[in-house]
Amino acid sequence: MAAVEANGTLQANTKTTTEPVRPLANFPPSVWGDRFLSFSLDNTELEGYAKAMEEPKEEVRRLIVNPTMDSNKKLSLIYSVHRLGLTYLFLQEIEAQLDIIFKAFKLQDYDEVDLYTTSINFQVFRHLGHKLPCDVFNKFKDSSSGTFKESITNDVKGMLGLYESAQLRLRGESILDEASAFTVTQLKSVVNTLEGKLAQQVLQSLKRPFHQGMPMVEARFYFSNYDEECSTHESLVKLAKLHFNYLQLQQKEELRIVSKWWKDMRFQETTPYIRDRVPEIYLWILGLYFEPRYSLARIIATKITLFLVVLDDTYDAYATIEEIRLLTDAINRWDISAIEQIPEYIRPFYKILLDEYAELEKQLAKEGRAKSVIASKEAFQDIARGYLEEAEWTSSGYVASFPEYMKNGLITSAYNVISKSALVGMGEMVSEDALAWYESHPKTLQASELISRLQDDVMTYQFERERGQSATGVDSYIKTYGVSEKEAIFELNKMIENAWKDINEGCLKPREVSMDLLAPILNLARMIDVVYRYDDGFTFPGKTMKEYITLLFVGSSPM
Ligand SMILES: CC(C)=CCC/C(C)=C/CC/C(C)=C/COP(=O)(O)OP(=O)(O)O
Ligand SMILES: [Mg+2]
Ligand SMILES: [Mg+2]
Ligand SMILES: [Mg+2]
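The model shown is predicted, which means the values in this text are computed figures rather than measured ones.

Novice: What exactly am I supposed to notice about the overall build of the protein here?
Specialist: A tally of regular secondary structure across the protein gives 24 helices and 2 strands. In terms of overall dimensions, the protein has C-alpha extents of about 90 × 60 × 45 Å along its principal axes. Looking at the protein residue by residue over its 559 residues, the buried ones come to 58%. Sequence separation of 24 or more characterises 74% of the internal contacts of the protein that already satisfy a separation of 6 or more. Taken as a whole, the protein presents about 23,400 Å² of accessible surface, with 54% of it coming from carbon and sulfur. Positive and negative charge centroids in the protein, built from 63 and 81 side chains respectively, lie 2 Å apart.

Novice: Explain the site of ligand 1 here, please?
Specialist: Neighbouring ligand 1 are 21 residues; Arg275, Asp312, Asp316, Arg453 and Asp456 lie closest to it. With respect to ligand 1, the side chain of arginine 275 contributes an N or O atom lying 2.9 Å from an oxygen atom. At a separation of 2.6 Å, an oxygen atom of ligand 1 approaches a polar side-chain atom of aspartate 316. Coverage of ligand 1 by the protein amounts to 98% of the 530 Å² it exposes when considered alone.

Novice: So what exactly am I meant to see when it comes to the pattern of salt bridges here?
Specialist: Two side chains bearing opposite charge may form a pair once their charged atoms approach each other closely. Per the stated rule, a full pass over the model turns up 42 salt bridges. Residue glutamate 344 pairs with arginine 347 through a salt bridge whose shortest N-O separation is 3.0 Å. Lysine 371 is the partner of glutamate 432 in a salt bridge, and the nearest nitrogen-oxygen pair spans 3.0 Å. Highlighted residues: glutamate 432 in helix α19 (residues 432-439) and lysine 371 in helix α16 (residues 371-396), separated in sequence by 61 residues. The pair formed by glutamate 432 and lysine 371 is uniform in burial state, with each residue classed as exposed.

Novice: Looking at this structure, I do not really get the UniProt feature "domain: Terpene synthase metal-binding" (unreviewed entry) in the protein. What am I missing?
Specialist: Here, the residues flagged by UniProt with the feature "domain: Terpene synthase metal-binding" (unreviewed entry) are residues 263-502. Secondary structure content for residues 263-502 is 74% helix and 0% strand, while the C-alpha to C-alpha distance between its ends is 40 Å.

Novice: What am I meant to see in the coordination of the magnesium ion (ligand 4) here?
Specialist: Under perfect tetrahedral coordination by four donors, a metal shows angles of 109.5 degrees; under perfect octahedral coordination by six donors, it shows angles of 90 or 180 degrees. Coordination sphere of the magnesium ion (ligand 4), protein contribution only: Asp456 (OD), Thr460 (OG1) and Glu464 (OE), at 2.1 to 2.4 Å. Summarised as a motif, the one-chain spacing of the donors to the magnesium ion (ligand 4) is D-x3-T-x3-E. The distance between the magnesium ion (ligand 4) and the magnesium ion (ligand 2) comes to 4.9 Å. We classify aspartate 456 as buried; its relative accessible area is 12%. In this structure glutamate 464 comes out as buried when scored by relative accessible area, which is 11%.

Novice: Explain the UniProt feature "domain: Terpene synthase N-terminal" (unreviewed entry) in the protein to me, please; I cannot follow it from the model alone.
Specialist: Those places that UniProt annotates as "domain: Terpene synthase N-terminal" (unreviewed entry) correspond, in this numbering, to residues 31-206. Across residues 31-206, the secondary structure splits into 57% helix and 0% strand, with the terminal C-alpha atoms separated by 27 Å.

Novice: Can you walk me through the coordination of the magnesium ion (ligand 3) in this structure?
Specialist: Bound to the magnesium ion (ligand 3) on the protein side are Asp312 (OD) and Asp316 (OD), at distances that span 2.0 to 2.2 Å. Here the magnesium ion (ligand 2) and the magnesium ion (ligand 3) are spaced 3.1 Å from one another, each receiving a donor from aspartate 312. Taken as a pair, aspartate 312 and aspartate 316 lie in helix α13 (residues 295-317) at a separation of 4 residues, close to a single helical turn. We classify aspartate 312 as buried; its relative accessible area is 15%.

Novice: Explanation requested: the packing of aromatic side chains in the structure shown.
Specialist: Aromatic rings in a pair are described by how distant their centres are and how their planes are angled relative to each other. Counted according to the given criterion, the structure contains 35 aromatic pairs. Ring geometry for tryptophan 32 against phenylalanine 36: centres 5.6 Å apart, planes inclined by 45°, an arrangement best described as tilted. The buried category is assigned to tryptophan 32, whose relative accessible area is 7%. With relative accessibility at 8%, the residue phenylalanine 36 sits in the buried group. Centroid distance phenylalanine 402 to tyrosine 481: 6.3 Å. Interplanar angle 65°. Geometry classified as edge-to-face. Taken together, the residues span a long stretch of sequence, with phenylalanine 402 in helix α17 (residues 402-412) and tyrosine 481 in helix α21 (residues 473-481) at a distance of 79 residues.

Novice: Which parts of the structure should I look at to understand the nonpolar core?
Specialist: Proteins that are soluble and globular tend to have nonpolar side chains buried together. Formed by 186 residues in total, the largest nonpolar core has its most connected members in Met214, Trp284, Leu311 and Phe380. Those residues within four positions of phenylalanine 380 in sequence are excluded, and the remaining contacts are Ile304, Phe307, Leu308, Leu311, Ile331, Trp334, Phe349, Leu353, Tyr357 and Val417.

Novice: Would you explain the environment of leucine 176 in this entry?
Specialist: Relative to the assigned elements, leucine 176 resides in helix α6 (residues 174-190). Each C-alpha atom of the pair leucine 176 and glutamate 547 lies 31 Å from the other, and the pair is 371 residues apart in sequence. When sequence neighbours within four positions are dropped, the list of residues in contact with leucine 176 reads Phe122, Cys134, Phe137, Ala166 and Arg169.

Novice: How should I be thinking about the environment of lysine 501 in this particular structure?
Specialist: Mapped onto the fold, lysine 501 is located in helix α22 (residues 485-506). Taking C-alpha positions, lysine 501 is 39 Å from glutamate 55, a pair spaced 446 residues apart along the chain.

Novice: Can you help me understand the confidence of the model for the protein in this one?
Specialist: The predicted coordinates ought not to be read in detail in places where the model reports low pLDDT. When pLDDT is averaged along the protein, the result is 95, and 97% of the positions lie at 70 or above. A low-confidence stretch, residues 1-14 stays under pLDDT 50, and its non-local contacts, those more than four residues away or across chains, total 18 contacts. With pTM at 0.96, the complex prediction returns an ipTM value of 0.98.

Novice: Can you walk me through the side chain of threonine 444 in this structure?
Specialist: The residue threonine 444 is located in helix α20 (residues 443-466) in this model. When near neighbours in sequence (up to four residues on either side) are disregarded, threonine 444 contacts Trp437, Ile503, Gly506, Leu518 and Ile521.

Novice: Whenever I open this one, the packing of helix α2 (residues 71-83) against helix α4 (residues 115-127) confuses me. Can you help?
Specialist: Geometry of a packed helix pair, given as the angle between the helix axes and the separation of the axes. In contact at an axis separation of 9 Å, α2 and α4 are set at 60° when each is read in the N-to-C sense. As summarised for this structure, α2 and α4 are arranged oblique, according to the angle between their axes. Where α2 crosses over α4, the two elements pack in a sense that is left-handed. The segment α2 lies against α4, with Asn72, Leu75, Ser76, Ile78, Tyr79 and His82 engaging Thr117, Ile120, Asn121, Gln123, Val124, Phe125 and His127. Here the contact of α2 with α4 is built from residues that sort into 6 nonpolar, 7 polar and no charged.

Novice: How should I be thinking about α2 in this particular structure?
Specialist: Residue pairs spaced three or four apart in an α-helix point in one direction, given the helix's 3.6 residues per turn. Here α2 is 13 residues long and its end C-alpha atoms lie 18 Å apart, about the 18 Å a rise of 1.5 Å per residue gives. All buried positions along α2 are accounted for by Lys74, Leu75, Leu77, Ile78, Tyr79, Ser80, Val81 and Arg83. The residue sitting at the N-terminus of α2 and contributing the capping side-chain oxygen is aspartate 70; that oxygen lies 3.1 Å from the backbone nitrogen of asparagine 72. Positive backbone phi, approximately 75°, marks glycine 85, located one or two places after α2.

Novice: Before we go on, may I ask you to explain the environment of lysine 377 in this structure?
Specialist: On the secondary structure map, lysine 377 appears in helix α16. Sequence-distant contacts of lysine 377, defined by excluding residues within four places in its chain, comprise Trp334, Tyr357 and Glu361.

Reading the values: rules and limits
Residues numbered from 1 in each chain as written. Chains lettered and ligands numbered in written order. Predicted model: local features only at pLDDT ≥ 70, side-chain atom pairs only at ≥ 80, totals over all residues. Heavy atoms only, no water. Helix = DSSP H or I, 4+ residues; strand = E, 2+ residues; numbered from the N terminus. Buried < 20%, exposed > 50% of the residue type's maximum accessible area, 1.4 Å probe, protein only. Contact = heavy atoms within 4.5 Å. Areas by Shrake-Rupley, 256 points an atom, 1.4 Å probe, with all protein chains shown as cover. Lys, Arg positive; Asp, Glu negative; His and termini not counted. Charge placed at Lys NZ, Arg CZ, Asp CG, Glu CD. Near = heavy atom within 4 Å. Polar contact = N/O pair within 3.5 Å; in protein donor to acceptor, adjacent residues only side chain to side chain. Salt bridge = Lys/Arg side-chain N within 4 Å of Asp/Glu carboxyl O. UniProt positions renumbered as here; feature names shortened; annotations may be inferred. Donors = N, O, S within 2.8 Å, 3.2 Å for Na, K, Ca; no water. Phe/Tyr/Trp six-rings, centres within 6.5 Å; stacked < 30°, edge-to-face > 60°. Core = buried A, V, L, I, M, F, W, Y, C linked by side-chain atoms within 4.5 Å. pLDDT = per-residue confidence, 0-100. Axes fitted to C-alpha atoms, helices over the stretch in contact; angles between N-to-C directions. Parallel < 35°, antiparallel > 145°, perpendicular 65-115°, else oblique. Left-handed = near helix turned anticlockwise from the far one by under 90°. Nonpolar A, V, L, I, M, F, W, Y, C, P; charged D, E, K, R; others polar. Expected span 1.5 Å × (residues − 1).

Shown next as structure tokens:
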């Protein structure tokens, strides 16, 4: 009597049942081991930093509201506050000051203002939601040739400011499209002649502009590379140091908690074929929001995103198509009795998944906000269906048309489920309206999904193609439009650039929801740049992610 395997294929009733062929990836192991488990939080030290912050915080607040300070100097102070990640401590004061200065804006006021100051003002207004017109840069173009004036190329600080300003551009702001290309070329041509901090500043911005960076890390870079600007105000330097030390302790404790949870869940034993990337996923979620009040939210979102890694690697790098069909059906049923129908190796994952969500739903129900957990769970079921669709395409050798691929690809970008999971622990600001806005699949979220999907594809399609994984956006684009691989990648990168403009637009006032609810979406797009600008930085996390994890969690010396 032949034994019917869980995956439905008939096996001869022999002593050794033959294992099905699996698309194993042999992912590189974790570079971190258990090092983050040994941290122990000293609450007295944490409270000590919080207490010590009070005085310099009041001093910086006084500076921000100081009515006698010249508006350009005030904008420059607010710029440093913002780049140091301190805006959230002074949001009301900063917004009040910017409203006053922005209301008084007249284009001719900028006639005599230099490029550097103009770019600082432009960045502050755009980052904080005011659409300062890009016309403020017109005077730096040569009216006859229509190109940027040669004379500004010697002003490296000005060029750097124009480069950072260009990252905030919207669709239709062609002067900033030109400025982006112009400043990259110019800055690359001079960077090796620069010295000291200006060289550091240009090198870092060319590696990754501030706007596409990870706020927590960008704040550390700004503190090191712009110490001259920061030390204009002693209290700002003092506050920034204490703030970093406070956050570092809190984040190392969070990383310990999620690392211990992961180890206790024994995923590395039950599903050894997956990427073991706990610090990397925690860094990813930290990128969404680093404010102390989101500590619980980070722990919840990290756990759910780790579930996604198990799911994605199971579908892409281990399960047979029959097993994937059974697991997807079980996830859709979301009932522990379905555990009988899925293969042995994935049953622990399934039980932990259901238990974790049940616990979350119970906890949030106490605050009357279980709906955010349901939204996350439904998005999780949605992505399992999306991953199944890809697996069916792979197993039948079908290459979807690009529109068909993208319809499914926005789902498999995982940014819908991650952004909704990020809401779960954010507290009462996640109102019914806020959740309804997320459920309406807004343009800003779609743009972040597109960036995730397409930038990942552009950077991972070769490695995935080698393993016979489903056709990616690159393959679909080539097939649908009959172009070369190079042209397809060029077009996909243009779509990514336009998606960034949609995100920039979505963050300008009047906003559909508060910036607190937009920030996770903006920062998810930023984390794609951090992980995938140069390579597949998640599967092979030895460069940027390793550098950032070391900077934030390994360097133990307080500032
Ligand atoms: C798609 C994407 C960048 C998602 C980012 C959000 C996120 C951390 C999802 C969890 C699963 C994962 C790490 C996918 C990226 O790797 P992959 O290249 O194996 O993803 P793929 O199988 O969807 O191509
Ligand atoms: Mg994958
Ligand atoms: Mg996948
Ligand atoms: Mg991929």
